[in-house]
Amino acid sequence: MGTISSAFSIMSQALQADQAALNVVANNVANASTPGYTEETPNWQENQPIVINGVSYGTGATESGATSIRDHVLLERLNQQQQLASASGSRLAALNTVQALFTPDSGSTSSQAGDIGSGITSFFSSFSSIEANPTNSSLRQQVLSSATTLAGDLSNAAASLNSQRSALDQDAAGVTSQVNALTSSIAALNQQIQSTSPGADAGTLEDQRQQDLSQLSKLIGINQISTENNGLSITTTSGQLLVSEGSNFQLATGMVGGVSHFFVGTLDVTSQLASGGGQLGGYLTARDEDIPSVLNSLDQLAYSISTQVNTLNNAGTDMAGDNGNAGNIFSAPAQVAGAALSISVVMTDPNHIAAAGLGQGTGDNSNATAMASLAKQLIVNGQSPSNYYSKFVTTLGSTVSGVETENTAQTASVTQLQTQNDSLSAVNLNNEASSLTTLERTYQAASQVFAMLNTIMASVLNMGEQTTVS
Amino acid sequence: MRVDPNFVSNLAGSLNQTQATLQQLTAQLSSGVRVTSLSQDPLASGQNVLLLNQIQQDDTFTQSSSMVKGQLQVADSALGSVVGQLTQAIALATSANNGTMNSSNLKSIANQISGILDEVQSLANTSYQGQYIFAGGQTSSAPFSTSTGTSPAVTSYNGDENINYLEMPNGEKIQLNLPGDQIFSGSGANNVFAALNNLVADYSSGTINTTQAVSDTQALSTALNFVSQQRVSLDNSITHLTAASDAATNEQTQLTAAQTNLMQADVAHLSTQLALAESQQTALESVIAQLGSASNSLFSKL
């Protein structure tokens, strides 16, 4: 049976519900700029109607908390793209530093000092100059100076690459502490979420967890697996478990062969991490693939040029009376690896340059001709030195250009996904303003009904009585 | 339909991008170089290395060839003087052989021919920038010396048979020298010094064995022709060298133009792009200013 007092209770409940909903709106507006905050909507529920003698009477509505509006699939997609974009971004930064060492020689008279291509050409040209005049001491000195320039260019480039490699090493190692902090935070949140709201979206706690996940995705490549009771397991892209339920597994670093390697437990996951994504993936790819490849090319150049020239110099006659063992012009490298870093000119006396052929007089130029011809012979990995350097330069430029294109596309994709996510989950002030207006009117209506009920109650109370209660 | 309430901050990202484009274009325009890093044009960077290499090789060759040409011309003029001296010697010998000379005249002719021999030897020992050019590879010491112990005297060659070549950038070789013994000490009747020494011996006693003297004079004549022939190969080298040097200079000019085209900035194109980028930036800035202004949510109307 509907009574006036039940109507009163319905209205007072309505006022409370409106109040609660207004709180949710106010909370949204207050958190409009909080990073990671997801817009909440109030949950309205109709109360169970009462059935008396077959007639059902409504019992009003309650507001039962707020739900965060979030799309898990969209968030996961965004995190994946973020991993890719961060990886290509940090790799691109490293590659740009590498390619700055090999800026193209513009060919003008004030061209870049340190251009290896010009160094190679000048060195072999100095032997061509000796062909015309094998005993001229200033031309011979020129051979040693251009050799010194070439050796300096190669070893400086190799030294810069090595120091960049250790800088990347440090950057990569520095990421692990951040990763570990985030994974332990996620593990703690897992516990809290699983205990407080195992069946539904955990609101602010879930916001924090997603925020941590987003930060983690920038750093390292991960896979997310939702588990029961609103839990989350996180593994690296290659499958190493980082977070499971309430516990996290630390990422540790250790030095192996002069560079930092990464371990989960006792398993060395460095090479898997390099291809996994995130900043760490980018750093490791640059450190373990790109830079060693460039160093190897420089080493090949240095090794081939120095061994071939040294061999020829020891197969001729110089101006100091040596016939067949005039000495090395360059330091003799033991192996290809490290040849670029260690190359230097060991000959100090230009008279020891063996321009003449074996057993010939000092006016002969046949050995000088042979040494000049090395520039055209296929002495570096099946190519002539200039061709080898030219191909090296093109390959490096193409690699960097490719990573640039990748990075631009991935960054654009991240922006697009971020926009989609924000349009869903970010606080839209216009929506909040209209909700506010609606709730305000609803509240006014409810309080107006309350006032009318009060008047009706007074009439009831006054029924059959002469005196008026108002 | 829902919209992203944060779209204005995304515009800031676009602003960064236009800024970066502006910076790059300005850098290219101010340096005049189109390819400032390898990734901007990898193929051009690789091609640039090869072009610069070729240009420098041509340049080195041009410089070397002008140095060598000096040496070849000195050799050529020495041989020219030798031909003059030998012609004079033949004239003297011929006049001595006609039988009208007395003993002291013959001795005088012997002395003159001996003087000519010294002169020819000195020409055969010509040096250029401190190196003896007719000594083959043994350029640090004079190749020819005469010992007067015997009669006729013997002029010996202390050089070797080494011939130097200058290699052109395209691989062809130009001969740079002739060993002295191939010019002056040829076999049989081509031996200049033998002929001269014999003539000196013929006339120095004051009496003449006509048959012998005539035969020796004939030998000298043959030797003179031989020297002239050898001189031709030196002249050929000079011609070859001049042509090669000109070709190298031409190639260098063309390659330099190609390299400039490849690497230098196209100013007109860059200026246009720069103007477009600037106007885009200005437009973006005013859009952001407009949209980012305070009263653009419903709250301001409540």
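Residues numbered from 1 in each chain as written. Chains lettered and ligands numbered in written order. Predicted model: local features only at pLDDT ≥ 70, side-chain atom pairs only at ≥ 80, totals over all residues.

## A short note on the overall build of chain B
From N to C terminus, chain B includes 7 helices and 6 strands. Each helix and strand of chain B, placed in order from N terminus to C terminus, yields the pattern α-α-α-β-β-β-β-β-β-α-α-α-α. Radius of gyration (C-alpha) of chain B: 39 Å, far over the 19 Å computed for a compact globule of 302 residues. Pairs at least 24 apart in sequence give 72% of the contacts found in chain B among residues at least 6 apart. (Helix = DSSP H or I, 4+ residues; strand = E, 2+ residues; numbered from the N terminus. Rg over C-alpha atoms; globule rule 2.2 N^0.38 Å. Contact = placed C-beta atoms within 7 Å.)

## A word on the overall build of chain A
Secondary structure summary: chain A contains 11 helices and 13 strands in total. Against the globule reference of 23 Å for 470 residues, chain A gives a C-alpha radius of gyration of 39 Å, more extended than a compact globule. Dimensions of chain A along its principal axes, counting C-alpha atoms only, are 150 × 50 × 30 Å. In chain A, which comprises 470 residues, the share counted as buried stands at 42%. Taking all contacts inside chain A whose residues are at least 6 apart in sequence as the whole, residues at least 24 apart take part in 70%. (Buried ≥ 20, exposed ≤ 12 C-beta atoms within 10 Å, placed from the backbone.)

## Some details on unusual backbone geometry
For the peptide bond that leads from S151 of chain B to P152 of chain B, omega is 10 degrees, which places it in the cis range. On the secondary structure map, P152 of chain B appears in the loop between strand 3 (144-147) and strand 4 (154-157). Positive phi is not limited to glycine here, since E245 of chain A has a value of about 50 degrees. Along the polypeptide, E245 of chain A turns up in the loop between strand 7 (241-244) and strand 8 (247-248).

## Thoughts on the interface of chain B and chain A
On the side of chain A, 53 residues touch chain B, which itself brings 49 residues to the contact. When residues of the side of chain B that touches chain A are traced back to their parent elements, those giving at least two are helix 1 (7-31), helix 2 (42-97), strand 5 (165-167) and helix 6 (210-263) of chain B. If one sorts the elements of the side of chain B that touches chain A by residue count, helix 2 of chain B sits on top with 16 residues. The residue inventory of the side of chain B that touches chain A, partitioned by class, reads 21 nonpolar, 24 polar and 4 charged. (Nonpolar A, V, L, I, M, F, W, Y, C, P; charged D, E, K, R; others polar.)

## Comments concerning the nonpolar core
Counting 89 residues, the largest nonpolar core has L154, L298, L301, A302 and A340 of chain A as the members making the most contacts within it. The dominant element in this core, judged by the number of residues it contributes, is helix 4 (residues 137-196) of chain A, at 18 residues. L298 of chain A has contacts with L154, A157, A158 and A340 of chain A, leaving out every residue within four places of it along the chain. I90, F134, M168 and A195 of chain B belong to the second-largest nonpolar core, a separate cluster that totals 50 residues. (Core = buried A, V, L, I, M, F, W, Y, C linked by C-beta atoms within 7 Å.)

## Side note on the packing of helix 3 (residues 103-124) of chain B against helix 5 (residues 192-204) of chain B
Residue and element names in this part refer to chain B. Axis separation between helix 3 and helix 5 bottoms out at 8 Å; the angle between their running directions is 160 degrees. The orientation of helix 3 with respect to helix 5, classified from their angle, is roughly antiparallel. Note on packing geometry: the crossing formed by helix 3 with helix 5 is left-handed. Contacts between helix 3 and helix 5 involve L106, K107, I109, A110, I113, S114, I116, L117 and V120 from the former and V192, L196, N197, L199, V200, Y203 and S204 from the latter. Here the contact of helix 3 with helix 5 is built from residues that sort into 12 nonpolar, 3 polar and 1 charged. (Axes fitted to C-alpha atoms, helices over the stretch in contact; angles between N-to-C directions. Parallel < 35°, antiparallel > 145°, perpendicular 65-115°, else oblique. Left-handed = near helix turned anticlockwise from the far one by under 90°.)

## Some thoughts on the environment of S6 of chain A
With respect to the helices, strands and loops of the structure, S6 of chain A is situated in helix 1 (residues 4-30). When the 15 C-beta atoms within 10 Å are taken as the criterion, S6 of chain A is described as partly exposed.

## Comments concerning the sheet that holds strand 8 of chain A
Residues and elements named next belong to chain A. Pairing is antiparallel in the open sheet, where 4 strands are placed in the order 5-6-7-8. Looking along the sheet, the strands with just one partner apiece sit at the ends: strand 5 (222-227) and strand 8. Strand direction decides the pairing type here: strand 5 and strand 6 (residues 231-236), joined by 6 bridges, are antiparallel. Paired with I222 across the two strands is T236, which belongs to strand 6. (Pairing = 2+ DSSP bridges.)

## Considerations on the domain arrangement of chain A
Residues and elements named next belong to chain A. Domain assignment breaks chain A into domain 1 (4-69 + 427-461) and domain 2 (77-415). Each of domain 1 and domain 2 was reduced to a C-alpha centroid, and the two centroids are 65 Å apart. On the domain 2 side, the residues contacting the 7 residues of domain 1 number 7 residues. Split into classes, the residues belonging to the side of domain 1 that touches domain 2 amount to 3 nonpolar, 4 polar and no charged. (Domains from an automatic or database assignment.)

## Notes on the sheet that holds strand 11 (residues 267-268) of chain A
Read across the open sheet, the 3 strands follow the order 9-10-11 (chain A); overall the sheet is antiparallel. The two strands at the open ends of the sheet, each matched to only one other strand, are strand 9 (251-256) and strand 11 of chain A.

## Quick word on helix 7 (residues 267-291) of chain B
Along its 25 residues, helix 7 of chain B runs 36 Å from first to last C-alpha, staying within 8% of the 36 Å computed at 1.5 Å per residue. Within helix 7 of chain B, only 0 of the 25 residues are buried, leaving the element largely exposed. (Expected span 1.5 Å × (residues − 1).)

## Quick notes on the packing of helix 4 of chain A against helix 7 (residues 278-313) of chain A
Residue and element names in this part refer to chain A. Closest axis-to-axis distance for the helix 4/helix 7 pair is 9 Å, and the angle between their directions is 165 degrees. Here helix 7 runs roughly antiparallel to helix 4, going by the angle between their axes. For the crossing formed where helix 4 meets helix 7, the hand is left-handed. Between helix 4, through L154, A157, A158, L161, Q164, R165, L168, D169, D171, A172 and V175, and helix 7, the contact on the second element is made entirely by Q279, L280, Y283, L284, A286, R287, I291, V294, L295, L298, L301 and A302. Of the residues assigned to the contact of helix 4 with helix 7, the class counts are 17 nonpolar, 2 polar and 4 charged.

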